[in-house]
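Chain and residue survey
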Amino acid sequence: MGLGQKLTHEVSEQLNAEGQDPAHVAMGLAICLGAVAAVTLLGSRQGRQPAAPGAEPSRSQLGKLIWPAITSTGTIAALRVWNAPDGPERGRALALWGATQALGLFWMKRRPEGFRLQLVAALTTAAVTALYARAALAVDEKAARLIAPTGFAGLSSLVARPVEG
């Protein structure tokens, strides 16, 4: 197997695309990249009044551009789920990925300032992400492991595994 074939095989394995029609994989990639681009574009638009003269803005321009991509960590997982065999579990996981994107955009635009509203934002985001992880687990274990950011891995692993008993 040549270098090109090894690289193609590795990419195919990472995207869960072995045996998939290349057009299907390309469409999934376009959907995922489009969603990330839309969230990034919409999330980075200035929705507040500029900071008062002499005051520092609460987030840098770079932060405004990077934050939506950070909140889209489940995108590769969504692509793996997209490339999984069709079925209701796949559809549920993809719908929950869409919900995580919409919720992330909502909270970016809302920019909660008070502690209680920040807590609501964190808990709703964690809850929807956990539901997404659980739904993805029914489709592709690697996708489920990709969803949880490092600091959220413990909670996600508790929610994503069926309770034995």
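Being a predicted model, the structure only gives us computed values, none of them experimental. (Residues numbered from 1 in each chain as written. Predicted model: local features only at pLDDT ≥ 70, side-chain atom pairs only at ≥ 80, totals over all residues. Heavy atoms only, no water.)

1. Looking at the confidence of the model for the protein
To be explicit about the condition: On a range of 0 to 100, pLDDT expresses the predictor's confidence in each residue. When checking whether two residues touch, look at their non-hydrogen atoms; a contact exists if any pair is within 4.5 Å.
Of the residues in the protein, 70% reach a pLDDT of 70 or more, and the chain-wide mean stands at 77. Below pLDDT 50 for its whole length, residues 150–161 participates in 13 contacts with residues either more than four positions away or in separate chains.

2. A word on the packing of aromatic side chains
Let me state the cut-off plainly: Geometry of aromatic contacts follows a simple scheme: Phe, Tyr and Trp rings, the Trp one being its six-membered ring, pair when their centres are within 6.5 Å, and the pair is stacked under 30 degrees between planes, edge-to-face over 60, tilted otherwise. Think of it in three bands: residues with accessible area under 20% of the maximum for their type are buried, residues over 50% are exposed, and the middle band is partly exposed, with areas taken using a 1.4 Å probe on protein chains only. Throughout this description, the term charge over a ring refers to an Arg CZ or Lys NZ atom that lies within 6 Å of the ring centre and within 35 degrees of the ring normal.
In the structure shown here, the tally under the stated rule is 1 aromatic pair. An angle of 70° between the planes, with centres 4.8 Å apart, marks the rings of Phe-106 and Trp-107 as edge-to-face. Judged by its relative accessible area of 45%, Phe-106 falls in the partly exposed class. Across from the ring centre of Trp-82, 5.0 Å away, lies the NZ or CZ of Arg-90, which sits over that ring.

3. Topic: the pattern of salt bridges
To keep it simple, the criterion reads: For salt bridges, the criterion is a side-chain nitrogen of Lys or Arg within 4 Å of an Asp or Glu carboxyl oxygen. Secondary structure elements follow DSSP: runs of H or I no shorter than four residues count as helices, runs of E no shorter than two count as strands, and numbering proceeds from the N terminus.
Under the definition given, this model contains 4 salt bridges. A salt bridge links Asp-140 to Arg-80; the nearest nitrogen and oxygen atoms lie 2.7 Å apart. Note that Asp-140 is positioned in the loop between helix H6 (115–137) and helix H7 (141–147) and Arg-80 in helix H4 (residues 75–82), a separation of 60 residues in sequence. As far as the burial class goes, Asp-140 and Arg-80 line up, both buried. Across the pair Arg-145 and Glu-141 runs a salt bridge whose closest N-O atoms are separated by 3.9 Å. One end of the pair, Arg-145, and the other, Glu-141, are both in helix H7, 4 residues apart, so they sit about a helical turn from each other. Neither Arg-145 nor Glu-141 differs from the other in exposure class; each is exposed.

4. Side note on the packing of helix H5 (residues 88–110) against H6
Inclusion rule: Each axis is a line fitted through C-alpha atoms, and for a helix only the stretch in contact is used; angles between axes span 0 to 180 degrees, taken between their N-to-C directions. Throughout this description, any angle smaller than 35 degrees is read as roughly parallel, any larger than 145 degrees as roughly antiparallel, any in the 65 to 115 degree range as roughly perpendicular, and the remainder as oblique. By definition, any crossing whose near helix is turned counterclockwise from its far helix by less than a right angle is left-handed, and any crossing with a clockwise turn is right-handed. Classification convention: Asp, Glu, Lys, Arg as charged; Ala, Val, Leu, Ile, Met, Phe, Trp, Tyr, Cys, Pro as nonpolar; all other residues, Gly among them, as polar.
Interhelical geometry of H5 versus H6 gives an angle of 165° and a closest axis separation of 8 Å. By the angle between their directions, the pair H5 and H6 is classed as roughly antiparallel. When the axes of H5 and H6 are compared, the crossing they make is left-handed. Contacts between H5 and H6 involve Glu-89, Arg-92, Ala-93, Leu-96, Trp-97, Ala-99, Thr-100, Leu-103, Trp-107 and Arg-110 from the former and Leu-117, Val-120, Ala-121, Thr-124, Thr-125, Val-128, Thr-129, Leu-131, Tyr-132, Ala-135 and Ala-136 from the latter. For the contact of H5 with H6, the per-class residue count stands at 14 nonpolar, 4 polar and 3 charged.

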